[in-house]
Amino acid sequence: MLRVIGAICIVAGCTGIGFWYRRKFHTSLWHLRYMCRIAELFMSEIRYGKATLSECCRQIGEKAEEPYKEALLTIHQGMESHDGVSFSAKWEQHMKKALSDVPITKEEKEIFLGLSACSGLADNQMQIRAIEQYRDMLASAIGDREKDLEKQGKMAAGLGIMSGLLLTVILL
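Treat the numbers as computed from the prediction; the structure is a model and nothing was measured.

Trainee: I would appreciate a short explanation of the overall build of the chain in the present structure.
Mentor: In terms of regular secondary structure, the chain is built from 6 helices and 0 strands. In sequence order, the secondary structure elements of the chain are arranged as α-α-α-α-α-α. The C-alpha extent of the chain, read off along each of the three principal axes, is 70 × 30 × 25 Å. Relative to its full complement of 172 residues, the chain shows a buried share of 38%. In the chain, of all internal contacts separated by at least 6 residues, the share reaching a separation of at least 24 is 64%. In the form shown here, the chain has an accessible surface area of approximately 10,100 Å², with 59% of it arising from carbon and sulfur atoms. Taken as two groups, the 22 positive and 21 negative side-chain charges of the chain have centres that lie 6 Å from each other.

In structure tokens form, the structure reads like this:
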């Protein structure tokens with residue numbers, strides 16, 4: 001009887017790990033889409049609201065979800081304090097901290113961190129074009145991730161179940 005209960009626990013645990021990995025893949029795609037949305041919101045605020053990057057951070061941060069909300073609002077507060085640190089430095093510092101636990105690749109994080117490159121541009125149209133380039137890179141990363149998501153999700157769940165069954169057979 002104890003062997004059967006142990007076998008069920010092993011299969012359930014391994015299956016849970018497989019589905020956890022599958023969920024992690026979906027979470028990473030959600031974060032990429034959200035970063036792309038943030039880039040689009042920056043473009044809208046600059047284009048239609050004629051807002052500065054600091055104001056954009058406040059406007060977007062008030063509506064954003066964590067971990068982006070805290071980082072955007074902190075960047076805005078830092079820019080309002082006029083401590084002499086550039087927008088790019090604050091963006092990189094606070095967004096790196098916010099993205100530390102986000103399950104995306106280093107390259108994808110670097111693309112999002114690159115959004116601050118538009119801060120040195122005085123013309124609004126040039127800022128918008130620079131942000132569009134980073135948004136397009138994020139969109140490309142989303143496309144790549146979507147292609148592999150179905151296969152990776154099935155593989156993670158299948159490997160979890162199969163490893164649980166294999167361990168059960170070995171232990172029995």
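Trainee: So what exactly am I meant to see when it comes to empty space enclosed by the protein here?
Mentor: Over the atoms rolls a probe the size of a water molecule, and its path tells where empty space is left. As enumerated under the stated definition, the model contains 1 cavity of 30 Å³ or more in all. The volume enclosed by the largest cavity comes to roughly 50 Å³. Taken together, Phe42, Leu53, Phe87, Trp91, Leu115, Ser116, Cys118 and Ile131 form the lining of the largest cavity. Counted by class, the lining of the largest cavity contains 7 nonpolar, 1 polar and no charged residues.

Trainee: Quick question: what am I supposed to make of the environment of Arg145 here?
Mentor: Residue position: Arg145 is located in helix 6 (residues 124-171). On a C-alpha basis, the gap between Arg145 and Ser100 in space is 19 Å, while along the polypeptide they are 45 residues apart. When near neighbours in sequence (up to four residues on either side) are disregarded, Arg145 contacts Ser28, Leu29, Leu32, Pro103, Ile104, Thr105 and Glu108.

Trainee: Sorry if this is basic, but what is going on with helix 5 (residues 106-113) here?
Mentor: Since one α-helical turn is 3.6 residues long, residues separated by three or four positions face the same way. For helix 5, the full list of buried residues reads Glu108, Ile111, Phe112 and Leu113. Structurally, helix 5 contributes buried residues whose contacts are with helix 1 (2-49), helix 3 (68-80), helix 4 (87-99) and helix 6.

Trainee: Honestly, the nonpolar core in this entry has me stumped. Any pointers?
Mentor: When a protein is soluble and globular, its nonpolar side chains tend to lie buried together. The biggest cluster of nonpolar side chains holds 39 residues, and the ones touching the most others in it are Phe42, Tyr68, Trp91, Met95 and Phe112. Every element with two or more residues in this core is listed here: helix 1, helix 2 (53-63), helix 3, helix 4, helix 5 and helix 6. Broken down by element, this core gets its largest block of residues, 10 residues, from helix 1. Excluding its chain neighbours within four sequence positions, the residues that come into contact with Met95 are Tyr68, Ala71, Leu72, Ile75, Lys90, Phe112 and Leu113.

Cut-offs applied
- Residues numbered from 1 in each chain as written.
- Predicted model: local features only at pLDDT ≥ 70, side-chain atom pairs only at ≥ 80, totals over all residues.
- Heavy atoms only, no water.
- Helix = DSSP H or I, 4+ residues; strand = E, 2+ residues; numbered from the N terminus.
- Buried < 20%, exposed > 50% of the residue type's maximum accessible area, 1.4 Å probe, protein only.
- Contact = heavy atoms within 4.5 Å.
- Areas by Shrake-Rupley, 256 points an atom, 1.4 Å probe, with all protein chains shown as cover.
- Lys, Arg positive; Asp, Glu negative; His and termini not counted.
- Charge placed at Lys NZ, Arg CZ, Asp CG, Glu CD.
- 1 Å grid on protein atoms, 1.4 Å probe; cavity = no way out; pocket = protein on both sides within 12 Å on 5 of 7 lines; lining within 4 Å.
- Points joined across faces, edges and corners; volume = space filled by probe spheres on them.
- Nonpolar A, V, L, I, M, F, W, Y, C, P; charged D, E, K, R; others polar.
- Core = buried A, V, L, I, M, F, W, Y, C linked by side-chain atoms within 4.5 Å.

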